[in-house]
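# Chains, contacts and geometry: an overview
Take a look at the letters that make up each chain.
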Amino acid sequence: MPNKQIVKNIILAIAFGSLLSTAEAQQDIDLNKPSWVKETVAQKSERMEWWRQARFGMFIHWGLYSAAARHEWVQNREKMTREEYHKYFQTFNPDLYNPEEWTKKAKQAGMKYVVITTKHHEGFCLWDSKFTEYKAPNTPAGKDLLKPLVAALRAEGIRVGFYYSLIDWNHPHFPIDRNHPLREASNIASINQNRDIKKYQKYLKDQITELLTQYGKIDELFFDYSYPGPNGKGRDDWDSEGLLKLVRKLQPDIIVNDRLDLGETSWGWDYKTPEQFMPFKWPSLNGVNIPWETCQTFSGSWGYNRDEYSWKSERQLITMLIETVSKGGNLLLNVGPTARGAFEEKADERLKAIGNWMRFNNRSIYNCTQAPAVFEKPDNCLLTYNPETKRLYIHVLSWPFKSLHLKNYKGKFRYAQLLNDGSEIKFKSDIKPGSHTTETTGENDVMLELPVYSPNIEIPVIELILN
Ligand code: GLC
């Protein structure tokens, strides 16, 4: 039986144009899979196709903490009670909120999807949830803030993702644990006695049902997060399996992250989420490269942080995008709008710079992935590759003097051009030392003849049309 299944999956994989290894196909016969999980690896690959092609999205962290303006964990860090935190709820009034403008900024930066915090750990909901009073319509904002953003994104063809916090520091049935703002209260045991995690589990399901039934098709769901172990919370606390089953039922095409504490299963997640960290190489599991999306901030905190100055440069951010794609991943780059609902200038400047680079170079990002191993990375360069068009992209991080040496590239490509202006780059191979040069290239090497003056673009890209 299992063999039949594998053969079927390989046929499916070929039909879908994706190459699945036997190791991947074997996931389909994972005996520990719950019976409601029917999808094959090939079907999953097909479901994630748009996401793989998109490569670049915007994360938005926006909530009451934006008013405190000193990190989205402020309630926890400063151990504020619900009462102390209430001042932000009473004053939250984002009079400059313009979802069309946010959408335009994401689009101009070249982002293909946006993931917004519908509820963060503080428990405050941006939408008009029936199951809580702790929501935007009850603040001076006076309305559902999620709906207009979803509409604006859809109107511009940007995919919609929801971040949803599993943690909830406001909910009366969320037992106090090591991450809770009240973790040092003297009467935790007696408070927790009156808290029923089953009621909280129901709340999670009710809210997820609202989010996945009242806002149309949702493309990505970012649960955040599990911290199992002593005095923490994990799959049994959230009823992760039940939650995921519900999600799959309501939105079969949705792509779900890996923070439900089901990481070691073959079915409990769609992609890995390295955070504020650049993997050294394409992350893998049992020898198979896995889908991944790294979420990164401009400056360190996710929510608006007025006094934070550790902002990454435009160049660092563009490099981060390229490096992520060069290792087969997606980049979800975060913006923390202010409590008035605007992006701060430093964010705008960076988005603009990325957008300008993308305008001329997005061919090296969309639909691209890690280059095949036969292409050695030249010095100071990052490679990406489009498997459909069979083009290789050399991102030149430090512009060399006149020539770029490509080892063992002879016969592998037929044309080279600068991507930003489509200008030809001539090349030669089998170079002999001349009267003024010392170098010989190996007989399989190629020398690209570059202009001395670096192209006027943050990181120049050379496109090779492969044979
Ligand atoms: C962490 C933080 C959270 C942030 C998230 C983004 O889990 O708790 O503040 O929203 O990462 O991935």
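Everything numeric in this text was worked out from a predicted model, so none of it was measured.

## Observations regarding empty space enclosed by the protein
Per the stated rule, a full pass over the model turns up 1 cavity of 30 Å³ or more. When its volume is computed, the largest cavity comes out at roughly 100 Å³. Forming the boundary of the largest cavity are 15 residues, of which Ser299, Ser301, Trp311, Gly336 and Glu344 lie nearest the centre. Here the residues of the lining of the largest cavity are counted per class, giving 6 nonpolar, 7 polar and 2 charged.

## Digging into the side chain of Lys233
Mapping Lys233 onto the fold places it in the loop between strand S4 (220-224) and helix H12 (235-238). Look at Lys233 and you get buried, because its relative accessible area is 4%. Reaching out from Lys233, the side chain makes a polar contact with the side chain of Asp177 at a distance of 2.7 Å. In this view, Lys233 contacts Phe174, Pro175, Asp177, Ile197, Ser226, Tyr227, Pro228 and Trp238; residues no more than four positions away in its chain are not counted.

## Focus: the site of the ligand
Taken together, 14 residues form the shell around the ligand, and within it His61, Glu72, Trp73, His120 and Glu275 come nearest. Between Trp73 and the ligand, the recorded distance is 2.8 Å, taken from a side-chain N or O atom to an oxygen atom. A distance of 3.0 Å is found between an oxygen atom of the ligand and a side-chain nitrogen or oxygen belonging to Asp224. Notes on the ligand: free accessible area 310 Å², of which the protein chains cover 94%. Of the residues that constitute the shell around the ligand, the class distribution is 7 nonpolar, 3 polar and 4 charged.

## Structural notes on the layout of surface pockets
The space that makes up the second largest pocket amounts to roughly 360 Å³. Surrounding the second largest pocket, 16 residues form its lining, Asp379, Ser403, Leu404, His405 and Met447 being those nearest its centre. For the lining of the second largest pocket, the element with the most residues is strand S12 (residues 403-406), which contributes 4 residues. Class assignment for the residues of the lining of the second largest pocket results in 7 nonpolar, 4 polar and 5 charged.

Rules and cut-offs
Residues numbered from 1 in each chain as written. Predicted model: local features only at pLDDT ≥ 70, side-chain atom pairs only at ≥ 80, totals over all residues. Heavy atoms only, no water. 1 Å grid on protein atoms, 1.4 Å probe; cavity = no way out; pocket = protein on both sides within 12 Å on 5 of 7 lines; lining within 4 Å. Points joined across faces, edges and corners; volume = space filled by probe spheres on them. Nonpolar A, V, L, I, M, F, W, Y, C, P; charged D, E, K, R; others polar. Helix = DSSP H or I, 4+ residues; strand = E, 2+ residues; numbered from the N terminus. Buried < 20%, exposed > 50% of the residue type's maximum accessible area, 1.4 Å probe, protein only. Polar contact = N/O pair within 3.5 Å; in protein donor to acceptor, adjacent residues only side chain to side chain. Contact = heavy atoms within 4.5 Å. Near = heavy atom within 4 Å. Areas by Shrake-Rupley, 256 points an atom, 1.4 Å probe, with all protein chains shown as cover.

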